[in-house]
Amino acid sequence: MDVNQVLEATLAVDAATRTQAETQLTQAAEADFQGYLTTLSRELANEQASPQVRMAAGLALKNSFTARDYVRLKEVQNRWETQIEPAVKTQVKEYALQTLSSGDNRAGLSAAQFIASIAAIELPREQWPQLMHTLVENVGNGNPQTKQSSLTTIGFICESEDQDLRDSLAQHSNAILTAVVQGARKEESNNDIRNAAMSALGDSLEFVRTNFENEGERNYIMQVICEATQADDHRIQQGAYGCLNRIMALYYEKMRFYMEKALFGLTIQGMKNDEEDVAKLAVEFWCTVCEEEISIEDDNSQAEGSETLRPYFNFARVATQEVVPVLLELLAKQDEDAAEDEYNVSRAAYQCVQLWAQAVGSNTVAPVLAFVEANLRSEDWHYRDAAVSAFGAIMEGPDEKVLEPLVKQALPVLIGMMNDSSVHVKDSAAYALGRVCEAVPDAIDPTEHLQPLISALFSGLSSHPRMASSCCWALMNLADRFAGEPGCTTNALSQHFQASVQHLLQVTESTQDNQLRTAAYEVLNAFVTNAANDSVAMVGSLSDVVIERLHKTIPMQQQVVSVEDRLTLQEIQTSLTSVIIAIIQRLEKEITPQADQIMQLLLSLLQSLGPKSSVPDTVFAAIGALANALEGDFEKYMQSFSPFLLNALNNQEEPQLCAIAIGLVSDITRALESKVQPFCDSFMNSLLNNLRSTSLGNQFKPAILQCFGDIAQAIGGQFETYLSVVGQVLQQAAGISAQGENVGNFEMLDYIVSLREGIVDAWSGIINALRAGNNSKSDAWDERTCANIILANLLQPYIESIFQLLQTVYSDANRTEALLRSSMGVIGDISEAFPNGEYSQYFKNEWLTNMTRETRSNKDFTTRTQDTARWAREQIKRQSGKTRALRRYVQQSHSPPPYDSATELDTGDDWMLPTFVAQRR
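Residues numbered from 1 in each chain as written. Predicted model: local features only at pLDDT ≥ 70, side-chain atom pairs only at ≥ 80, totals over all residues. Heavy atoms only, no water.

*Asks:* Hey, could you run me through the overall build of the protein in this one?
*Replies:* Counting its regular elements, the protein contains 43 helices and 0 strands. Overall, the protein is about 105 × 80 × 70 Å in size when its C-alpha atoms are taken along their principal axes. Counting over 921 residues, the protein shows a buried share of 54%. Counting only contacts in the protein whose residues sit at least 6 apart along the sequence, the fraction spanning at least 24 positions is 71%. Total accessible area on the protein is roughly 41000 Å²; 46% of this is exposed by carbon and sulfur atoms. When the 71 basic and 119 acidic side-chain charges of the protein are each reduced to a single mean position, those positions are 5 Å apart. (Helix = DSSP H or I, 4+ residues; strand = E, 2+ residues; numbered from the N terminus. Buried < 20%, exposed > 50% of the residue type's maximum accessible area, 1.4 Å probe, protein only. Contact = heavy atoms within 4.5 Å. Areas by Shrake-Rupley, 256 points an atom, 1.4 Å probe, with all protein chains shown as cover. Lys, Arg positive; Asp, Glu negative; His and termini not counted. Charge placed at Lys NZ, Arg CZ, Asp CG, Glu CD.)

Laid out in structure tokens, this is it:
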């Protein structure tokens, strides 16, 4: 094939041409990977090749060794290690380094990306030791293009998310700093080089902690950065303020001297910069200050009485009178045409005022209130909007006793501003009202404020699409805050419930705006969820309307043609189904009269939906809610519904739907209990297939294991059929740990914790199920003894591995409260399953006692966890004091021990069951 032609085609506008070229490259890589790398790296370095070819070659090379998925990343990196000869590696790397000196900027950039992908493989293995030395030499002695490309390479290496690479970079900190600081100095006349150096410096700050501990080196780094804030190139200024943000987050405890000497004034100057991107980063510096001080206060409050409190300098509190007025002025720099999700300097300032109020508390109120009073009636909508926004921004942080009288005074004004001539002001007023409802609801007098507040928000909801999300959010906060106690006879919303529901039904029926319709249905959900008992009849009537609307959408499936219309229909169906969920959850058992109609509708909807639709997710959630409400009465729907559930459970091509189906199996088994038995074979086969699947991610496995426990508890002793297979699966899963390259990988560590929690929960369900199943078969004392023997034999192959897992959980610092609570639960479950002390030797381990004691005494844990640990501790004491009655019997009769084999019972060894056999005969 013509390599240049294929590479150019990978950048083609035509998708078919591009796909064909990419396929050819893939085939070439599979046929001869070494030759593929050599050819592409040669084209990358070829000064005679076109810029497009060189850029495409670099991109293909980089993609050969990068991947978003962690497992896939390790696979492609392993190809470099195992499939490429040393001589070829050397040649390929030389071509890439050579390209850094190219006059073609795009080729240099592509080479930088490729070098970073190889560095991610070799630097953690202490290979390519000359790389950093070469890059430093390039920055010191190379031509301008070499300097810029080398600094860009350092930046790419430092910004990598590859944890192994990040861990290895600290040993290269001197080389990194030498290069980037040299390029970032004000003496560097080439702004492109200086900009690349500032970017690389920002990416490297995490790895130069040792250097930052040295006062001399730290002073020089800070000097270079502060000087860069005064550069005449806005890119360099942005890089400098970005570095200051990062430094404040990483090295707050070192910043007191620099705040006093320079940073205070420099950042205020930066916030006033006419270049918006510079001003935003200067504002974000103070956001970082506030976030750090909020975090430090939280940490120090939890460590009260400890000698290891974090340094806290009150930077924000000290700067309040100077910085907050600047932020308030920036609030008035709104762009009238800005998109709702556009992040500009005004929104950055709003975020900062919010954080300032949380960090400084009531000290923020005075300057903000002065600004609000001065600008609330301004003729310029920008300042009216800024005033309203500022008031809403300080609702969280200051003492509620300070805010409450201010809010009571301001509420009529804010409600009135919902009629402002500017839609921007009305939108901000709605959002501010939402903040009031969320943070200071006690300031709202239901008799005085609620009616005008609800009316204003509903009026705003219908007046302009821009206001939809703010009005809906405020109404949802209102519904949540005035719901009253669960199960209350009436609440503040009751007298407004019917009118509110009617208004929402009108809006959702009449609007053509999808965003408004979806938001209004969400508000309807909130009102239904928080309805008091005196509104339940109206909730029941609402169900008829929603069912009818959803039913009408089914024939529309055949009428939609365009993709846009199909997506709109799916949004409507999803919203209506979500309202049904809210109605079912609110009515609970009282949904029974409508249950047949709802279930038939949901089944018809599932039948009508095409593949890849997003609606089944919500339909399954509604069926789960119905199962929870009806409990055992849901059984009559299982014959009709189970085919849909099994199809989803086996649909590994749609992982999200499969995950929801797994959760729904748990819901249904808990609801039906023993009535689910006829469907368990199908469920178990599908779950086990999913567990073995290579196409489903690891995140499915913990939920599947927990599902085993739910099924066990539902069918009790009948779970014995599945015990040998499930027990083996749980034992194998318990052996999974982070090893080798997975150590330190946060995704892997989170997965292991979730997996262990799933294993422990599964065993808890299984033990309780088998215990209940055996006890239900025996009433007399001797029969219960026999049942214990049977149970002991069933679980004997697994008990030791369960305690090994518990010990692993205790010894591994990577654990959560939920995992420890589940562990406490299974300890108690085993003890209660064997009250005669059949396995009491495992309870005598000192680590087990320590584990329960530490969990019980951890003040950060919830009462539920502490109580579970206290119960487990009592069970350990009980087991430790046991003498096994059955063993005494064995010793007295000189019979062999009864637990030598889990299969002895099946071989007819009647000596094991003398009393029971006699009674049976």
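From this point, the narrative continues.
*Asks:* How should the pattern of salt bridges be read in this particular structure?
*Replies:* Where charged atoms from two side chains of opposite charge approach closely, those side chains can pair. By the definition in use, this model includes 27 salt bridges. A salt bridge links Lys408 to Glu404, with the shortest nitrogen-to-oxygen separation between them at 3.9 Å. Taken together, the positions of Lys408 and Glu404, both in helix α22 (residues 400–416) and 4 residues apart, correspond to about one turn of that helix. Overall, the relative accessible area of 41% leaves Lys408 in the partly exposed class. (Salt bridge = Lys/Arg side-chain N within 4 Å of Asp/Glu carboxyl O.)

*Asks:* How do you make sense of the packing of aromatic side chains when you look at a structure like this?
*Replies:* Here the distance between the centres and the angle between the planes together describe a pair of aromatic rings. This model, assessed by the stated rule, comprises 23 aromatic pairs. Both rings, one in Phe803 and one in Tyr842, keep their centres 5.0 Å apart while their planes meet at 10 degrees; by these two values the pair is stacked. You can see Phe803 sitting in helix α38 (residues 781–811) and its partner Tyr842 sitting in the loop between α39 (817–833) and α40 (846–857), a full 39 residues away along the chain. The exposure class of Phe803 is buried, given its relative accessible area of 2%. On the basis of relative accessible area, Tyr842 is assigned to the buried category, the value being 19%. For the pair Tyr839 and Tyr842, a centre-to-centre distance of 6.3 Å together with 45 degrees between the ring planes defines the contact as tilted. Taken individually, Tyr839 and Tyr842 each receive the classification buried, so the pair is uniform in this respect. We note Arg79 situated over the ring of Phe33; from NZ or CZ to the ring centre the distance is 3.8 Å. Positioned over the ring face of Trp128 is Lys93, at 4.7 Å from the centre of the ring. (Phe/Tyr/Trp six-rings, centres within 6.5 Å; stacked < 30°, edge-to-face > 60°. Lys NZ or Arg CZ within 6 Å of the ring centre and 35° of its normal.)

*Asks:* Where do I start with the nonpolar core in this structure?
*Replies:* Looking at soluble globular proteins, one finds that nonpolar side chains tend to be buried together. Counting 309 residues, the largest nonpolar core has Trp286, Trp356, Phe634 and Trp763 as its most contacted members. Ranked by residues supplied to this core, first place goes to helix α37 (residues 746–775) with 13 residues. When sequence neighbours within four positions are dropped, the list of residues in contact with Phe634 reads Met599, Ile623, Leu626, Ala627, Ile668 and Leu672. (Core = buried A, V, L, I, M, F, W, Y, C linked by side-chain atoms within 4.5 Å.)

*Asks:* What should I look at first to understand the environment of Gln677 in this one?
*Replies:* As for its position among the elements, Gln677 is in the loop between α33 (655–672) and α34 (680–692). Gln677 sits in the partly exposed class, given a relative accessible area of 29%. Not counting chain neighbours up to four residues away, the residues in contact with Gln677 comprise Ile715 and Gln718.

*Asks:* Hey, could you run me through helix α36 (residues 720–734) in this one?
*Replies:* Owing to its 3.6 residues per turn, the α-helix aligns residues three or four sequence positions apart on the same side. The end-to-end C-alpha distance of α36, which contains 15 residues, comes to 20 Å, matching closely the 21 Å that a straight helix rising 1.5 Å per residue would cover. The largest bend in α36 amounts to roughly 30 degrees and is located at Val726. Turning to α36, its buried residues are Tyr722, Leu723, Val726, Gly727, Val729, Leu730, Ala733 and Ala734. (Expected span 1.5 Å × (residues − 1). Bend = angle between axes of the 7 residues up to and from the residue.)

*Asks:* Sorry, what's going on with helix α20 (residues 365–375) here?
*Replies:* Turning to α20, its buried residues are Val365, Pro367, Val368, Phe371, Val372 and Asn375. Those residues of α20 hidden inside the fold are in contact with α18 (315–331), α21 (381–393) and α22.

*Asks:* For this particular structure, what's the right way to read a negative patch on the surface?
*Replies:* Taken together, the side chains of Glu276, Asp335, Glu336, Asp337, Glu340, Asp341 and Glu342 make up a negatively charged region of the molecular surface. With respect to the secondary-structure elements, Asp335 resides in the loop between α18 and α19 (345–360). We classify Asp335 as partly exposed; its relative accessible area is 38%. (Patch = residues over 30% accessible without salt bridge, like charges linked within 9 Å, V, L, I, M, F, W, Y side chains within 5 Å.)

*Asks:* Would you mind showing me how to read the confidence of the model for the protein here?
*Replies:* Caution is warranted with low-pLDDT regions, since their predicted coordinates should not be read in detail. Summary statistics for the protein give a mean pLDDT of 88 and a share of 92% for residues scoring 70 or more. Predicted confidence for residues 893–921 stays below pLDDT 50, and this span has 41 contacts to residues more than four positions away or in other chains. (pLDDT = per-residue confidence, 0-100.)

*Asks:* Mind showing me how you'd approach the environment of Leu457 here?
*Replies:* As for its placement among the helices and strands, Leu457 is situated in helix α24 (residues 450–463). Not counting residues within four places of it along the chain, the set of residues in contact with Leu457 comprises Met418, Ala430, Leu433, Cys471, Ala474 and Leu475.

*Asks:* Sorry, what's going on with the packing of helix α26 (residues 494–510) against helix α28 (residues 536–556) here?
*Replies:* For any two helices packed against each other, the geometry comes down to the angle between their axes and how far apart the axes lie. It is the contact of α26 with α28, at a shortest axis distance of 11 Å, that shows an interaxial angle of 10 degrees. Classified by the interaxial angle, the pair formed by α26 and α28 is roughly parallel. Contacts between α26 and α28 involve Phe497, Gln498, Val501, Leu505, Thr508 and Glu509 from the former and Met538, Val539, Leu542, Val545 and Arg549 from the latter. Residues that form the contact of α26 with α28 fall into these classes: 7 nonpolar, 2 polar and 2 charged. (Axes fitted to C-alpha atoms, helices over the stretch in contact; angles between N-to-C directions. Parallel < 35°, antiparallel > 145°, perpendicular 65-115°, else oblique. Nonpolar A, V, L, I, M, F, W, Y, C, P; charged D, E, K, R; others polar.)

*Asks:* How do you make sense of the side chain of Asp710 when you look at a structure like this?
*Replies:* Relative to the helices and strands, Asp710 is located in helix α35 (residues 700–715). Exposure remark for Asp710: the relative accessible area of 16% places this residue in the buried category.

*Asks:* Would you explain the side chain of Ser346 in this entry?
*Replies:* By the secondary structure assignment, Ser346 is in helix α19. The class of Ser346 is buried, set by a relative accessible area of 8%. Contacts of Ser346, omitting those with residues within four sequence positions, involve Leu330, Leu331, Lys333 and Gln334.

*Asks:* Hey, could you run me through the state of the cysteines in this one?
*Replies:* Formally, a disulfide is one covalent bond, and it connects the sulfur atom of one cysteine to the sulfur atom of another. The tally for this structure, following the rule as stated, stands at 0 disulfides. Cys471 carries a free sulfur, and the closest cysteine sulfur to it, the one in Cys472, is 7.0 Å from it. (Disulfide = S-S within 2.5 Å.)

*Asks:* Would you mind going over the packing of helix α23 (residues 423–439) against α24 with me for this structure?
*Replies:* Orientation of α23 relative to α24, taken along the N-to-C sense of each, is 140 degrees, at an axis distance of 11 Å. Accordingly, the angle class assigned to the pair α23 and α24 is oblique. In the packing of α23 onto α24, the handedness of the crossing is left-handed. Judged by residue contacts, Lys426, Ala430, Leu433 and Cys437 of α23 engage Leu453, Leu457 and Ser463 from α24. Classifying every residue of the contact of α23 with α24 gives 5 nonpolar, 1 polar and 1 charged. (Left-handed = near helix turned anticlockwise from the far one by under 90°.)

*Asks:* Whenever I open this one, the environment of Val180 confuses me. Can you help?
*Replies:* With respect to the element layout, Val180 can be found in helix α11 (residues 173–184). Residues Val180 and Leu749, 569 residues apart in the sequence, show an inter-C-alpha distance of 34 Å. Those residues within four positions of Val180 in sequence are excluded, and the remaining contacts are Leu151, Ile154, Ala197, Ala200, Leu201 and Ser204.

*Asks:* Can you walk me through unusual backbone geometry in this structure?
*Replies:* Glycine aside, residues mostly have negative phi angles, and peptide bonds mostly take the trans form. The phi torsion at Glu588 lies on the positive side, around 50 degrees, for a residue other than glycine. Summarising the element assignment, Glu588 is placed in the loop between α29 (563–587) and α30 (592–608). Although it is not a glycine, Glu631 sits at a positive phi angle of roughly 55 degrees. By the element assignment, Glu631 lies in the loop between α31 (615–630) and α32 (638–649). Given the relative accessible area of 45%, Glu631 is considered partly exposed.

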